[in-house]
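# Structural features, examined
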Amino acid sequence: MFAVKRALKLNNREATLMAKHAGFRRVVFNLGLSLRVQMYGAGEFSDSKVINEVKKVLTNHVKKQPECAWMNQLSSRVYQNALMDLKEAFSRYRSLKAGHPRFASRRGGQSFTVDSSHGKVLLSAGNTIKIPTLGTFRLHEPLECSLVSQTFTISKEGNRWFVSFCIDAERLPTQQPESSVGIDVGIKSFATLSNTQVFDAPKPLKQAKTKLARLQRKASRQRAGSNNQRKTYNSIGRLHARIACIRKDFLHKLTTYLAKNFQRIKIEDLNVKGLLANHKLAGAISDLGFYEFRRQLEYKCQMYGASLVLVERWFPSSKICANCGHKKDLSLAERTYDCPACGVSIDRDLNASLNIFNWEPKAIGG
């Protein structure tokens, strides 16, 4: 099973329709959460029972009130899925997998889910998509082939709306032309491969910091809650969305290339949380997306039939000479490994990637 996500090409009327449905979802979710919180202490009322009663009240009473007439103009699948999301949020909270559900906010992101009550629907290949209960919309990027799905999530990132859905299928494994590779990730060069390839990452946050700071200062000077401040915050949101898109685009292209071209990929099991504790490097590390790089590699290796090997966290890949095995300490400023034992001089990152390539796990009991 894998997911498909496409950007929607909406006109003003369609974008307003999506915003209304996102607001509908937010109102219903917050209503259900508010009532559940108010009923704490009544032991006989489980989360599931309270949410089911909220659903009945919403259908039989709330939606019939004159001030809530607007709800009848929107898809009923939205509020049903919103309450299902609330039930799942409480389930995760009870099982200690997440914190207590929080009230949804417009500034926290706009999204909602719809599904087909008649089972799975066929999505035809092309530049349009028919979303159950909502209608047919244009796509920025076409669907290459016909697909089947039932549940669709619509979300807003910056000023763009996206639709995503799951496909109950598996990708055919790819025959990779290369056998194995070791990868050293870093700040100067994002990825250095043991075959001497180097990939430099864009640093969108670093490039956008000046503009971001100017917009944030502008928002701080405007009257709180005013239309002008809202417009400025929208500009900030669009800029953040652009930063995220640039980062995601680079990571997706790189991880797809690696998974399609190498049968065995070795990377270090980095302690990203520990690296972020270094305030001098935290900004640069966050901008690069080390954790997202590993996450994408994990599922793409599985998708394309490659294998991912995690080199143990404390392996000193940068301190060992890849030629003779001599070990010495290096400062972060030293970009070349000069071995005093064998005399070899090699780029620090390439040396580390070669050590990662040659690393093998220790045999248990051996």
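Now for a description of the structure that goes with this document.

## Some points on the packing of helix α4 (residues 204–221) against helix α5 (residues 227–261)
- At a minimum axis distance of 10 Å, the contact between α4 and α5 shows a crossing angle of 170°. Between α4 and α5, the angle is such that the two are roughly antiparallel. For the pair α4 and α5, contact is made by Pro204, Leu205, Ala208, Lys211, Leu212, Leu215, Gln216, Lys218 and Ala219 and by Gln229, Thr232, Tyr233, Ser235, Ile236, Leu239, His240, Ile243, Ile246 and Arg247, respectively.
- Its residues assigned to classes, the contact of α4 with α5 comprises 11 nonpolar, 5 polar and 3 charged.

## Concerning the sheet that holds strand β10 (residues 191–193)
- Overall, mixed pairing links the 5 strands, which are arranged β11-β10-β9-β12-β13 in an open sheet. At either margin of the open sheet sits one strand with a lone partner, and together these are β11 (198–199) and β13 (307–311).
- Two elements, strand β9 (residues 178–185) and β10, share 3 bridges in a ladder whose sense is antiparallel. Each bridged residue has a counterpart across the sheet, and for Ile183 the counterpart in β10 is Leu193.
- Docked against the sheet, helix α9 (residues 348–358) engages β9, β10, β12 (262–268) and β13, running at close to 130° with respect to β9.

## Focus: the environment of Arg26
- Positionally, Arg26 belongs in helix α1 (residues 12–38).
- Residue class for Arg26 comes out buried when judged on its relative accessible area of 15%.
- Aside from chain neighbours lying at most four places away, what touches Arg26 is Ala104, Ser105 and Arg106.

## Side note on the pairing of β12
- Most of β12 is tucked away: 5 of the 7 residues are buried.
- Pairing geometry for β12 and β13, over 5 bridges, is parallel. Residue pairing for β13: Arg264 is matched across the bridge by Ser307.

## Observations regarding the pattern of salt bridges
- One pass over the structure, following the stated rule, counts 16 salt bridges.
- Measuring nitrogen to oxygen at the nearest pair gives 2.6 Å for the salt bridge that ties Asp47 to Arg36. Remark: Arg36 occurs in helix α1 and Asp47 occurs in helix α2 (residues 47–60); sequence separation between them is 11 residues.
- Its relative accessible area of 5% is what places Arg36 among the buried residues.
- Each of Asp269, Arg294, Glu298 and Arg313 takes part in salt bridges that share partners, so that together they form one network.

## Comments concerning the sheet that holds strand β8 (residues 160–167)
- Ordered in space as β2-β7-β8-β1-β5-β4, the 6 strands form an open sheet in which the pairing is antiparallel. The two strands at the open ends of the sheet, each matched to only one other strand, are β2 (111–115) and β4 (126–131). Between one strand and the next, the sheet's axes are offset by a mean angle of 35°, whatever the strand orientation.
- Bridge count between β4 and strand β5 (residues 135–143): 5 bridges; the pairing is antiparallel. Bridge pairing in β5 places Thr128 opposite Arg138.
- Contacts from α1 reach β1 (2–9), β2, β5, β7 (151–157) and β8, with the element oriented near 90° to β2.

Quick notes on the rules
- Each residue is numbered by its place in its chain's sequence as written, counting from 1.
- Where local features are concerned, this predicted model is filtered to residues with pLDDT of at least 70; where side-chain atom pairs are given and counted, the filter is 80 or more; whole-chain, interface and lining totals use all residues.
- Only hydrogens and water are removed before side-chain values are computed, so all heavy atoms of the structure are retained for them.
- Axis lines are fitted to C-alpha atoms, over the contacting stretch for helices. Their N-to-C directions set the angle, which ranges from 0 to 180 degrees.
- Secondary structure elements are taken from DSSP: a helix is a run of H or I of four residues or more, a strand is a run of E of two residues or more, and numbering for both begins at the N terminus.
- By definition in this entry, angles of less than 35 degrees are roughly parallel, angles greater than 145 are roughly antiparallel, angles of 65 to 115 are roughly perpendicular, and the rest are oblique.
- Contacts: residue pairs with any heavy atoms within 4.5 Å of one another.
- Residues are grouped as follows: Ala, Val, Leu, Ile, Met, Phe, Trp, Tyr, Cys and Pro are nonpolar; Asp, Glu, Lys and Arg are charged; all remaining types, including Gly, are polar.
- DSSP bridges decide pairing: two strands pair if at least two such bridges lie between them.
- Remark: exposure states derive from per-residue accessible area (1.4 Å probe, protein chains only) relative to the maximum for the residue type, with buried under 20%, exposed over 50%, and partly exposed in between.
- When a carboxyl oxygen of Asp or Glu is within 4 Å of a side-chain nitrogen of Lys or Arg, the pair counts as a salt bridge.

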